[in-house]
Structure formats: C-alpha cells, structure tokens
Amino acid sequence: MSGEPKKSHPVHEDMDTAYVNLGALLRYLRQRDFTGRVHVELDEYEADIHLHAKDEPRVRELNHATGQTDESLAALHRLLVRAQEPGGLVSVYEGEAEEGRPESRQSAIAAETERLAVEQRALVRTSEDEAERLELLQLSGELIAAIERAATIAGGDFASAFHHARIQLADDYPFLDPAQRRFEYAGGNVRLQGKASTGLYVSGIGEALRRVVERIATEGERIGVRRDVARELSTLKRRRQTALAHFKLAPHLERIAGMRLL
C-alpha cells in the first residue's frame, strides 16, 4: 500500500493525528468534490482512503501485526477510531491513482501471501494444541484405569468413590461436576467437553483419585489397596514417564497412592 501513485501529487504530508480530525477532513474533501487518496499510517497499521468526488469512499487497510487486509465498510469505521490516537501520520494526495499498476499488484499479492501464512500458522498451533489435549486425556484415562483396577482387586466400589470425589471437588474444579456432564470416564477412556487449563485439569484429576484411594482404603479397612495402587502406578510411571513429566502428573502419583512407589 505504500508508494505514491504516479498520476497524483501531494497536497499535505505527514500531518500528526494529534492535530488532524480524520472524519472532519474526509467530510471537507468530499464537500469539495476532491479526487485522490488519503493515506494514514499508525503503529503496525496503515490504510488508504480513495475519494472520487462525492462517491462513497473506498478504504483498504493493512494490519501489519496480523497480515490481514480489509476493504469493507467496517475497515473505514476501524480507521476512524484508530486515527483518534496521537502519533499517527495523515497524508493527502490529489489526482487519479493508477489502478492495477505493478507496485499495487505486488503489494496486494504480498499482503495476501502474508495473510495466508498467518492463517496457516494459526491452524498449525490449533492442531498442535488439540493433539496435546488428546494426549492428556488419553494419559488421564490410563491413570484412572490403573486406580480402577487396584480398587477392583481390593473389592472396593471405584465408580461410587469416584462419583463422590467429583461431587466434593465440583466447586474448585467445575469440569468434574457430574451435574454438568462435561467430564466422562468409562473403560479407560476420558471425554471432556469445553476447555479446562492443563494445570487445573491435572490438579483436579490428581486430587479426585487421591480421595478415591483414601475412601476405599478407609471403608472396609482395605489397607492393601494402597499397595495395589502403588504397583499399578509404578507400572504406569515406567511406561509413560515422559508424558507424565510433560504434563506434571508425576508428582501426583505418590500422593494418590499414599505411599512411595516402587
């Protein structure tokens, strides 16, 4: 967008937005059937307003921070708001701009290429975030399944104890609240609707399982359940050591078991 058209000449250049009311300037120019271009430069942002007598102005904006361009009416509204900030520069060029000149096409292509690159990077980040989320859910499913096996061996009611722990923790960890049905566990598989930060999710699952083991060990005096839990968790730790460390789940294992792991 930068670069001054060959068939136009400057009328005013580099006027500070601290002293120029862009909206008033545009009204003044249109009332005088002005034909030309108003160029505005702000921090990581620039825009051109093309005027042709009393026709509706055409606006093209470029956000350098995101690489996005826009030529809609909304772009004009955003520009008028942005131009109220001091420190920007406003220039006025009179005369017809050359449509489709090589410099303009190159600038448009460059802007579009950058926009697509920004969108691609966003898609990659989204894919990576989703992959990590799925990995955490899979790991937590394996962890819960390990406690479920140990509880079953000890003759405890895992489902009841886990449900009770989730109710107790619902205020601190809303995703665990059974009434909201955001979190589901069955047969080693976890499903989670909505978002929960990794730290919050890990802490909630760790505390819920610690309470499950405590409840089963206390009710019916099933003291041996802790040894079974420690055995299951030691196996999981050896098999999934990297993932447990990555998601900071490893420190929770001995708290869940209530004893040191093998």
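Up top is the structure these notes are about.
Residues numbered from 1 in each chain as written. Predicted model: local features only at pLDDT ≥ 70, side-chain atom pairs only at ≥ 80, totals over all residues. Heavy atoms only, no water.

*Asks:* How would you summarise the overall build of the chain if you had to cite specific residues and measurements?
*Replies:* When helices and strands are tallied, the chain shows eight helices and eight strands. Counting the 262 residues in the chain, one finds 41% classified as buried. Residue pairs at least 24 apart in sequence account for 66% of intrachain contacts in the chain once pairs closer than 6 positions are excluded. Within the structure as shown, the chain displays about 15,100 Å² of accessible surface, and the carbon and sulfur contribution to it stands at 50%. (Helix = DSSP H or I, 4+ residues; strand = E, 2+ residues; numbered from the N terminus. Buried < 20%, exposed > 50% of the residue type's maximum accessible area, 1.4 Å probe, protein only. Contact = heavy atoms within 4.5 Å. Areas by Shrake-Rupley, 256 points an atom, 1.4 Å probe, with all protein chains shown as cover.)

*Asks:* Give a detailed account of the packing of helix α5 (residues 198-218) against helix α8 (residues 250-257), specifying residues and quantitative values.
*Replies:* The geometry of a pair of packed helices is captured by two quantities: the angle between their axes and the separation between those axes. Packing of α5 against α8 brings their axes to within 8 Å, and their N-to-C directions diverge by 20 degrees. The orientation of α5 relative to α8 falls into the category roughly parallel. Crossing hand, α5 versus α8: right-handed. The residues of α8 that touch α5, namely those facing Val-202, Ser-203, Gly-206, Glu-207, Leu-209, Arg-210 and Val-213, are His-252, Arg-255, Ile-256 and Ala-257. The residue inventory of the contact of α5 with α8, partitioned by class, reads five nonpolar, three polar and three charged. (Axes fitted to C-alpha atoms, helices over the stretch in contact; angles between N-to-C directions. Parallel < 35°, antiparallel > 145°, perpendicular 65-115°, else oblique. Left-handed = near helix turned anticlockwise from the far one by under 90°. Nonpolar A, V, L, I, M, F, W, Y, C, P; charged D, E, K, R; others polar.)

*Asks:* Tell me about unusual backbone geometry, and name the residues and values.
*Replies:* The residue Asp-33 is not glycine, and still its phi comes out positive at about 50 degrees. With respect to the helices, strands and loops of the structure, Asp-33 is situated in the loop between α1 (22-31) and β2 (35-42). Look at Asp-33 and you get partly exposed, because its relative accessible area is 42%.

*Asks:* Provide a residue-level description of the pairing of strand β4 (residues 58-63), including the pertinent values.
*Replies:* With five of six residues buried, β4 lies mostly within the body of the structure. The hairpin turn running from strand β3 (residues 45-52) into β4, its antiparallel successor, is five residues long, and Ala-53 in that turn takes a positive phi close to 55 degrees. Sheet topology note: the β4/strand β5 (residues 68-70) ladder contains three bridges and is antiparallel. Counterpart to Asn-63 in the pairing with β5 is Gln-68. Between β4 and β5, which pair antiparallel one after the other, the connecting turn spans four residues, and Gly-67 there sits at a positive phi close to 80 degrees. (Pairing = 2+ DSSP bridges.)

*Asks:* Quick rundown of α1? Include the residues and the values.
*Replies:* Listed in full, the buried residues belonging to α1 are Leu-22, Gly-23, Leu-25, Leu-26 and Leu-29. The buried residues of α1 all sit within an arc of 160 degrees when viewed along its axis, so they share a single face. Residues of α1 that are exposed and point more than 90 degrees away from the buried face comprise Arg-27 and Gln-31. Within two residues after α1, Asp-33 carries a phi angle of roughly 50 degrees, on the positive side. (Arc of directions from axis to C-beta.)

*Asks:* So what's going on with the packing of aromatic side chains? Residues and values would help.
*Replies:* Scanning the entire structure with this criterion turns up eight aromatic pairs. Each ring, one from Phe-162 and one from Phe-183, has its centre 6.2 Å from the other, and the planes form 75 degrees; the classification is edge-to-face. With a gap of 21 residues between them, Phe-162 in helix α4 (residues 158-168) and Phe-183 in strand β7 (residues 183-186) connect regions that are remote in the sequence. Residue Phe-162 shares its accessibility class with Phe-183, and that shared class is buried. Linked through ring pairs, Phe-158, Phe-162, Tyr-173, Phe-175, Phe-183, Tyr-185 and Tyr-201 together constitute an aromatic cluster. (Phe/Tyr/Trp six-rings, centres within 6.5 Å; stacked < 30°, edge-to-face > 60°.)

*Asks:* Residues and numbers for the pattern of salt bridges, please.
*Replies:* Under the defined criterion, the tally for this structure stands at 15 salt bridges. Residue Glu-207 is joined to Arg-210 by a salt bridge in which the shortest nitrogen-to-oxygen separation is 2.8 Å. Of this pair, Glu-207 and Arg-210 both sit in helix α5, separated by three residues, roughly a single helical turn. Using a relative accessible area of 12% as the deciding quantity, one classes Glu-207 as buried. Judged by relative accessible area, which is 25%, Arg-210 ranks as partly exposed. Overlapping salt bridges, with partners in common, bring together Glu-135, Glu-142, Arg-239 and Arg-240 in one network. (Salt bridge = Lys/Arg side-chain N within 4 Å of Asp/Glu carboxyl O.)

*Asks:* Give me the nonpolar core: which residues, what numbers.
*Replies:* Core analysis: the biggest nonpolar cluster contains 44 residues, and Phe-183 and Leu-233 have the highest contact counts within it. For this core, the elements supplying multiple residues, two or more each, are α3 (102-153), α4, β7, β8 (189-192), α5, α6 (225-239), α7 (241-246) and α8. Counting residues per element, this core draws most heavily on α3, which supplies 10 residues. Leaving out residues up to four positions away in the same chain, Phe-183 has contacts with Ile-144, Phe-162, Arg-166, Phe-175, Leu-176, Val-190, Arg-191, Leu-192, Tyr-201 and Ile-205. By size, the runner-up hydrophobic cluster in this structure holds 20 residues, among which are Val-20, Leu-25, Ala-83 and Val-90. (Core = buried A, V, L, I, M, F, W, Y, C linked by side-chain atoms within 4.5 Å.)

*Asks:* Any chance you could break down the sheet that holds β5 for me, citing the residues and the numbers?
*Replies:* Spatially, the six strands line up as an open sheet ordered β1-β6-β2-β3-β4-β5, and their pairing is antiparallel. In this open sheet, the two edge strands, each paired with only one partner strand, are β1 (9-16) and β5. For this sheet, the mean inter-axis angle between neighbouring strands, taken without regard to orientation, is 10 degrees. Bridge count for β1 against strand β6 (residues 89-94) is five bridges, and the pairing is antiparallel. Bridge pairing in β6 links Pro-10 to Tyr-93.

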